[in-house]
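Residues per chain are reported as follows:
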Amino acid sequence: MEKKLTFKYILFDALAAILSWAALFLFRKLGLEGGHAGDINSVFIDANFWRGIVLVPAGWLCLYAIYGTYRNVLRRARLKELIETATASVIGVVVIFFVLLLDDHISTYRNYYASFLFLLGIHFLLTYLPRLIITTGTVKKVHTRQIGFPSILIGSKKKAFQTYLDLENQEIYSGNLFVGFVTVNGSIEEDLKAVMPQLGTLENLGTLVEQYHIEEAIIAVEDYEQDKIQEILRTLDGCAGLIIKITPDARDLILGTVKINSIFHSPLITINNQPMEEWQYSIKRLSDIVLSLLALVVLSPVFVVTAIIIKCTSPGPIFYAQERIGRYGKPFMMHKFRSMYVDAEAMGPALSKDNDPRITPFGRFMRKVRLDEIPQFYNVLKGTMSIVGPRPERQFFIDQIVKRAPEYLLLQRVKPGITSWGQVKYGYASNVDEMVERLRYDLLYLDNMTLATDIKILVYTVIIIFQGRGK
């Protein structure tokens, strides 16, 4: 159903773009230039008109995709949609006038302003009205229980049962279809057991979320179980696309940390596990693709020379592939230029250190100027990595880090990167202690993750490369 609904939004958005573009040309010909019905034919011989029929709808759809309009279409909110449509309309119309219409011959600048306002108004109306109709229909289906979101209740005592009753009996249904509950400390409220099955305990929570395709997790633990919340959040943090909500306590209500989207819904705190807005994620991904392609093209001579030197200076393959752990805990193969001798880890996994005898002479130079990282642009193009993000680690070392710093798992919210805040501030780690120390900077990045932060990290990375301060 979600794919069908997404197609509807895309179809009506494209039609709105085409109709508003055609309406603009008719408005300019008949309204601003004082033409008559017979002049309509001249519209269809205008090169800009036909150029726009192709380019304008494609541009609008790209803009909406960047905004995240076509994601999670079953959870659209009408007020938020109104604001996003209005904002996107202003941005899109400004771009259209600067790219396609600025050089048009027109009698007065007043006509430019009139054309701008007309296109803005007609495009907004033609786009928002179909969206409103589609979204209203979807919201109605959610409220009447025709559409629901598989949910899991974390907790097994009075607060959990009361939360279930609140969600089931609220005046406007929020769409939670409870698959079952998990226990936190073992004991179970019999009333809760009567309305839904027990699925397991905290130990297998992550597996249950994946097994039952859970979309929402509701945390409803007792006051004396509050110490378990961090453990629960760390477990759920690696679950892709999961919405996490938690019942507020008195302190949350007093401090005003409870924000609600509807006055009819039960008050729950939504845990924000998305460090960036959807549009920033889209631009970040687009930037990754463009910069990676540019880097592979510009650095191709360096790429070839490096490959030849590696082959000539030490026996073995040019490239080295190693399994690392990526976003949401998924393993992937990370590619590098080989900087160590073959079978360098025959005795088991080990981190590199100063004067490491496993590193080849040319490998030391590559590491200082980060030449060994160039093949990772291929990982970026594949989508397993980003240019900026916490450095990916092997599961062997992650297990050791998590024992001392469980918050490390928070880094799996985002794609790992070629360079990172921790890499810039601390450099490569040669033991687990240094990995834990470097973790501070990567967690800071997670809390301050923006496109501007990425740019700063890239600038400092380039400075480090030219200064040869890598290790």
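Scope of this entry: the structure provided in the associated data block. These numbers were taken from a predicted model, which means no experiment stands behind them.

**Describing the overall build of the protein chain**
Part 1 of the reasoning: Helices and strands together make up the secondary structure of the protein chain, namely 18 helices and 10 strands.
Part 2 of the reasoning: Residue burial in the protein chain is summarised as follows: out of 471 residues, 44% are buried.
Part 3 of the reasoning: Partitioning the contacts of the protein chain with sequence separation of at least 6, the portion at a separation of at least 24 is 73%.

**What to know about the packing of aromatic side chains**
Part 1 of the reasoning: Under the definition given, this model contains 12 aromatic pairs.
Part 2 of the reasoning: A ring pair is formed by Trp-21 and Phe-25, whose centres lie 5.1 Å apart and whose planes are at 55 degrees; its orientation type is tilted. Within this pair, Trp-21 and its partner Phe-25 are both found in helix α1 (residues 2-32), separated by 4 residues, close to a single helical turn.
Part 3 of the reasoning: Under the relative-accessibility criterion, Trp-21 is labelled buried at 1%.
Part 4 of the reasoning: Ring geometry for Phe-319 against Phe-337: centres 5.3 Å apart, planes inclined by 15 degrees, an arrangement best described as stacked.

**A word on unusual backbone geometry**
Part 1 of the reasoning: We note that Asn-72 has phi near 50 degrees; this positive angle belongs to a residue other than glycine.
Part 2 of the reasoning: Mapped onto the elements, Asn-72 comes out in the loop between α3 (47-67) and α4 (78-101).
Part 3 of the reasoning: Given a relative accessible area of 47%, Asn-72 falls into the partly exposed group.

**Concerning the pattern of salt bridges**
Part 1 of the reasoning: Scanning all chains against the criterion turns up 15 salt bridges.
Part 2 of the reasoning: A salt bridge links Arg-71 to Glu-278; the shortest N-O distance between them is 2.1 Å. Highlighted residues: Arg-71 in the loop between α3 and α4 and Glu-278 in helix α11 (residues 278-298), separated in sequence by 207 residues.
Part 3 of the reasoning: A residue is classified by how much of its surface remains accessible, and Glu-278, at 25% relative accessible area, is partly exposed.
Part 4 of the reasoning: Residues Glu-168 and Arg-145 are paired through a salt bridge, measuring 3.4 Å at the closest nitrogen-oxygen approach. Remark: Arg-145 occurs in the loop between α5 (109-143) and β1 (149-154) and Glu-168 occurs in helix α6 (residues 158-169); sequence separation between them is 23 residues.

**So, the environment of Ser-287**
Part 1 of the reasoning: Within the secondary structure layout, Ser-287 lies in helix α11.
Part 2 of the reasoning: Accessibility expressed as a relative area gives 31% for Ser-287, which makes it partly exposed.
Part 3 of the reasoning: Between the alpha carbons of Ser-287 and Ile-387 there is a distance of 8.9 Å; along the sequence they are 100 residues apart.

**Here's the deal with the sheet that holds strand β2 (residues 176-183)**
Part 1 of the reasoning: Strand order in the open sheet made by the 6 strands is β3-β2-β1-β4-β5-β6, with mixed pairing throughout. Unpaired on one side and paired on the other, β3 (198-201) and β6 (269-271) mark the two borders of the sheet. Put simply, the sheet's adjacent strands are angled 30 degrees from each other on average, direction ignored.
Part 2 of the reasoning: Where β1 lies against strand β4 (residues 216-219), 4 bridges are found, and the strand directions are parallel. Residue pairing for β4: Leu-153 is matched across the bridge by Ile-218.
Part 3 of the reasoning: Of the strands in this sheet, β1, β2 and β4 touch α6, which is tilted by about 180 degrees from β2.
Part 4 of the reasoning: The sheet strands contacting helix α9 (residues 229-236) are β1, β4, β5 (243-246) and β6, and the helix crosses β4 at an angle near 175 degrees.

**A look at a nonpolar patch on the surface**
Part 1 of the reasoning: A contiguous nonpolar patch, built from Val-90, Ile-91, Val-94, Val-95, Phe-98 and Val-99 and spanning about 530 Å² of accessible area, is present on the exposed surface.
Part 2 of the reasoning: If you trace the backbone, Ile-91 turns up in helix α4.
Part 3 of the reasoning: Using a relative accessible area of 36% as the deciding quantity, one classes Ile-91 as partly exposed.

**Some thoughts on the packing of α11 against helix α18 (residues 451-467)**
Part 1 of the reasoning: Taken N-terminus to C-terminus, the directions of α11 and α18 make an angle of 30 degrees; their axes are 10 Å apart at the nearest point. Regarding the angle of α11 to α18, the classification is roughly parallel. Together, Trp-279, Gln-280, Ile-283, Lys-284 and Leu-291 of α11 and Leu-451, Asp-454 and Leu-458 of α18 make up the contact between the two elements.
Part 2 of the reasoning: Split into classes, the residues belonging to the contact of α11 with α18 amount to 5 nonpolar, 1 polar and 2 charged.

**With respect to the side chain of Glu-225**
Part 1 of the reasoning: Summarising the element assignment, Glu-225 is placed in the loop between β4 and α9.
Part 2 of the reasoning: A distance of 2.7 Å separates the side chain of Glu-225 from the side chain of Lys-157, its partner in a polar contact.
Part 3 of the reasoning: A polar side-chain atom of Glu-225 sits 2.9 Å from the main-chain amide nitrogen of Glu-222.

**Describing the environment of Met-449**
Part 1 of the reasoning: With respect to the helices and strands, the residue Met-449 is situated in the loop between α17 (432-447) and α18.
Part 2 of the reasoning: Residues Met-449 and Pro-275 lie 174 residues apart in sequence; the distance between their C-alpha atoms is 6.1 Å.
Part 3 of the reasoning: Contacts of Met-449, omitting those with residues within four sequence positions, involve Pro-275, Met-276, Tyr-281, Lys-284 and Val-414.

**Let's talk about the pairing of strand β8 (residues 331-337)**
Part 1 of the reasoning: Sheet topology places strand β7 (residues 319-325) next to β8; 7 bridges connect them, and they run antiparallel. Its bridge partner lying in β8, Tyr-320 is registered against Lys-336.
Part 2 of the reasoning: Here β7 hands over to β8 after 5 residues, with Tyr-328 in that stretch at a positive phi of 60 degrees.

**Section: the side chain of Gln-376**
Part 1 of the reasoning: Relative to the assigned elements, Gln-376 resides in helix α14 (residues 376-382).
Part 2 of the reasoning: Within the structure, the side chain of Gln-376 is placed 2.2 Å from the side chain of Glu-373, a separation counted as a polar contact.
Part 3 of the reasoning: Side-chain polar atoms of Gln-376 contact the side chain of Arg-391, separated by 2.9 Å.
Part 4 of the reasoning: Apart from the residues within four sequence positions on either side, Gln-376 is in contact with Met-334, His-335, Lys-336, Met-385, Arg-391 and Ile-418.

About the cut-offs
Residues numbered from 1 in each chain as written. Predicted model: local features only at pLDDT ≥ 70, side-chain atom pairs only at ≥ 80, totals over all residues. Heavy atoms only, no water. Helix = DSSP H or I, 4+ residues; strand = E, 2+ residues; numbered from the N terminus. Buried < 20%, exposed > 50% of the residue type's maximum accessible area, 1.4 Å probe, protein only. Contact = heavy atoms within 4.5 Å. Phe/Tyr/Trp six-rings, centres within 6.5 Å; stacked < 30°, edge-to-face > 60°. Salt bridge = Lys/Arg side-chain N within 4 Å of Asp/Glu carboxyl O. Pairing = 2+ DSSP bridges. Axes fitted to C-alpha atoms, helices over the stretch in contact; angles between N-to-C directions. Patch = residues over 30% accessible without salt bridge, like charges linked within 9 Å, V, L, I, M, F, W, Y side chains within 5 Å. Areas by Shrake-Rupley, 256 points an atom, 1.4 Å probe, with all protein chains shown as cover. Parallel < 35°, antiparallel > 145°, perpendicular 65-115°, else oblique. Nonpolar A, V, L, I, M, F, W, Y, C, P; charged D, E, K, R; others polar. Polar contact = N/O pair within 3.5 Å; in protein donor to acceptor, adjacent residues only side chain to side chain.

The values reported here are purely geometric and, on their own, carry no functional implication.
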